[in-house]
Amino acid sequence: MKSLLAAIQLVLTLNCEQSARLVSESFDRRLSPAERMAVFCHHRICRSSRQLAAQLRQLEETLRTAKEPVQADADRMRLDEEARQRILNVIRRHHSGN
């Protein structure tokens, strides 16, 4: 009964800042049923929070998809062992004063 009252209170009192925090947290963890319901209800009545949530979802998707090609490019651009050794030799000569 106590958790049901807490869930109802959350649904009825969630503000825009709390909604934004929960939407952001939802990318890292699964929200509880009460949190999901509170966000859902808040977004039904608050256009600004709905728009912010949509923007955050788009940003998260963009960052997730942008990260994959960058890693693939980094893997392709790795130096082979011979090139690494040449660079290390130049650095060593430079530091030793030769």
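Cut-off values and rules
Residues numbered from 1 in each chain as written. Predicted model: local features only at pLDDT ≥ 70, side-chain atom pairs only at ≥ 80, totals over all residues. Heavy atoms only, no water. Salt bridge = Lys/Arg side-chain N within 4 Å of Asp/Glu carboxyl O. Helix = DSSP H or I, 4+ residues; strand = E, 2+ residues; numbered from the N terminus. Buried < 20%, exposed > 50% of the residue type's maximum accessible area, 1.4 Å probe, protein only.

1. Details of the pattern of salt bridges
Scanning the entire structure with this criterion turns up 5 salt bridges. With a shortest N-O distance of 2.9 Å, Arg-21 and Glu-25 are connected by a salt bridge. Here Arg-21 pairs with Glu-25, and both are found in helix α2 (residues 16-25), just 4 residues apart, close to one helical turn. Assessed through its relative accessible area of 43%, Arg-21 is described here as partly exposed. Note on Glu-25: relative accessible area 23%, which makes it partly exposed.

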